[in-house]
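# Residue-level structural notes
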Amino acid sequence: GKIRLYSVHTRKLYSGLLPYVIKFAVKRKYKYVYPDELKIKKVQIDREFIDSLRLQSNGNSIDIRDYQREAINHALTTKKTLLVSPTASGKSLIIYTLLRYLQKKSLVIVPTTSLVEQMYGDFMDYSKNDKWYVDLNCHRIYAGKKRKTDLPIIISTWQSLVKEKKDFFKDFELVIGDEAHGFKAKSLTSIMTKLVNAEYRIGTTGTLDGTKTHQLVLEGLFGAVKQVITTKKLMTENFLSNLDIHCIVLKYPKEICQSIREYSYQEEIDFLVSNESRNNFLVEMVSKLKGNTLVLYQLVEKHGFNLYNLIAEKLPDRKISFIHGGIKTDERERIRNETEVGNSNIIVASYGTYSTGINIRNLHNIIFASPTKSRIRNLQSIGRVLRKSETKVRANLFDISDNLTYLSHQNYTWKHLLERLKIYKDEKFDYKIKEFQI
């Protein structure tokens, strides 16, 4: 398919791409003009307002960090922007502060029902010392929830909004798209073009996928990218746990490598997820890890169920939870909360449900049980384990890969590891490679 950022029929371009147009014109010495409403006026959120929020988290008073305040000021000044800020950098606090400061009819869009509940819960946490009551200001929309409300703020999944008529969106003056990378481009475009009166359009994401088209679509709908802070800097400044990356390379007998060298990608994946020796290796690894552990897999029927059953059989005395798309939101929240107060819990979860946005501060280990080369999925998944807690200052990532190379032939999942190593280098993460014979 094709993504067209400029319409030859209407001769219009998304306003979020204005900086690119200006750069284009300046380079060619063209004259340009644009409406006053697109001109930028500097806005600074004042200290007095921040103090009046009496922010708290987990029972402790908190303050807005310098980089968060800079992001808030940038959003208020430009009115249209895409804030790129990694996991645990406090995106929900930035969103909460913007909503409280602007006090406009607002729509907050997230990719999953779990994130609707998590955002709502975060707002309740931040406002406990304040007289701003979340249940009197925020309404949640997803499957099973009513659509109509008089409350000023709606938190919803994009899937629940995409079929709504234009009239539903006409009163919103502020739209915030959290984890914006997780929206389908066509659906997001449909929603954003219906928000005709939304003067403020703020996108937030921890990761972009590195492709120009993906970034331009999001910038067109929200605004130009603003890099708030990096994961490495958050670690350096002691806001995040330090991360130890263990790249575990599983090597297979020569005859197996030879026999599967003609496999398609799907055939290779099917071979790996059903491989008894590989699954037993994963279970043994999980059993030896201390603290709370998240095991991420890709295929529910072919891999997830089997892994969960093997781990449950091996560790009958441990609290083990299984999560996939069919598990209800309330149950996922219960498991998340249990893990926050536990010290040896194991969650076996699909990438689709737990790779983005889910906050578990008390998570010590994460295992990539299924291979992937997606930059977004990789970095978002890492984000699950980086939050600090009272029992954790270091986190472990176990990146499982499979070396099935034969002579000059490199198998798909081995090449995926090479792509992930590039990501780790780009992010300045340290990693060690260890080989094990299967």
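Residues numbered from 1 in each chain as written. Predicted model: local features only at pLDDT ≥ 70, side-chain atom pairs only at ≥ 80, totals over all residues. Heavy atoms only, no water.

### Observations concerning helix α7 (residues 185-194)
Every α-helix winds through 3.6 residues per turn, so residues three or four apart in the chain are directed the same way. If you check which residues of α7 are buried, you get Ser187, Leu188, Ile191, Met192 and Lys194. One face of α7 carries all of its buried residues, which in axial projection span an arc of 160°. (Buried < 20%, exposed > 50% of the residue type's maximum accessible area, 1.4 Å probe, protein only. Helix = DSSP H or I, 4+ residues; strand = E, 2+ residues; numbered from the N terminus. Arc of directions from axis to C-beta.)

### Digging into the nonpolar core
The biggest cluster of nonpolar side chains holds 72 residues, and the ones touching the most others in it are Phe123, Ile155, Leu243, Tyr354, Ile382 and Tyr424. Residue contributions to this core peak at 7 residues, all from helix α4 (residues 91-102). Discounting residues that sit within four places of it in the chain, isoleucine 382 has contacts with Leu243, Phe368, Leu397, Tyr424 and Phe429. Counting 28 residues, the second largest nonpolar core, distinct from the first, contains Leu250, Leu282, Leu289 and Tyr297. (Core = buried A, V, L, I, M, F, W, Y, C linked by side-chain atoms within 4.5 Å. Contact = heavy atoms within 4.5 Å.)

### What to know about the pattern of salt bridges
This model, assessed by the stated rule, comprises 22 salt bridges. A salt bridge links glutamate 173 to lysine 104; the shortest N-O distance between them is 3.9 Å. Residue glutamate 173 is found in the loop between α6 (166-169) and β9 (174-177), and its partner lysine 104 is found in the loop between α4 and β6 (106-110); the two are separated by 69 residues along the sequence. Lysine 104 gets classed as partly exposed once you look at its relative accessible area, which sits at 21%. Notably, a salt bridge pairs lysine 170 with aspartate 171, separated by 3.6 Å at the nearest N-O pair. Of the residues examined, lysine 170 reaches a relative accessible area of 37% and is grouped as partly exposed. (Salt bridge = Lys/Arg side-chain N within 4 Å of Asp/Glu carboxyl O.)

### Quick word on the packing of aromatic side chains
A ring pair, where both rings are aromatic, is described by two values, the distance of the centres and the angle of the planes. Counted by the stated rule, this structure contains 17 aromatic pairs. Each ring, one from tyrosine 96 and one from tyrosine 126, has its centre 5.4 Å from the other, and the planes form 50°; the classification is tilted. Of the two residues, tyrosine 96 is situated in helix α4 and tyrosine 126 in helix α5 (residues 113-126); the sequence distance between them amounts to 30 residues. Residue classification places tyrosine 126 among the buried positions, given a relative accessible area of 9%. An aromatic cluster of three or more residues is present, and its members are Tyr96, Phe123, Tyr126 and Trp132. Sitting over the face of the ring of phenylalanine 239, arginine 65 holds its NZ or CZ atom 3.9 Å from the ring centroid. Here the guanidinium or amino end of arginine 140 rests over the ring plane of tyrosine 120, the centre of that ring lying 3.7 Å away. (Phe/Tyr/Trp six-rings, centres within 6.5 Å; stacked < 30°, edge-to-face > 60°. Lys NZ or Arg CZ within 6 Å of the ring centre and 35° of its normal.)

### Digging into the pairing of β9
Every second residue of β9 is oriented toward a common face, with Leu174 and Ile176 on one face and Val175 and Gly177 on the other, all of them buried. Strand direction decides the pairing type here: β6 and β9, joined by 4 bridges, are parallel. Each residue of the ladder has a partner; that of leucine 107, found in β9, is valine 175. Taken together, β9, α7 and strand β10 (residues 200-205) form a β-α-β motif whose crossover is right-handed. (Pairing = 2+ DSSP bridges. Right-handed = clockwise from strand over helix to strand, strands pointing away.)

### Looking at the pairing of β10
Most of β10 sits out of view: 6 of its 6 residues are buried. Side chains Tyr200, Ile202 and Thr204 project from β10 onto one buried face, and the interleaved Arg201, Gly203 and Thr205 project onto a second face that is buried too. As judged from the 5 bridges shared by strand β5 (residues 80-84) and β10, these two strands associate in the parallel manner. Bridge pairing in β10 places threonine 81 opposite isoleucine 202. Pairing between β9 and β10: 4 bridges, direction parallel. Bridge pairing in β10 places valine 175 opposite arginine 201.

### Points about the environment of glycine 203
Within the secondary structure layout, glycine 203 lies in strand β10. Taking the relative accessible area as the measure of exposure, glycine 203 reaches 0% and is therefore buried. As a C-alpha pair, glycine 203 and valine 175 span 28 residues in sequence and 8.3 Å in three-dimensional space. Sequence-distant contacts of glycine 203, that is, excluding residues within four places in its chain, are made with Thr81, Leu82, Leu83, Gly177 and Phe222.

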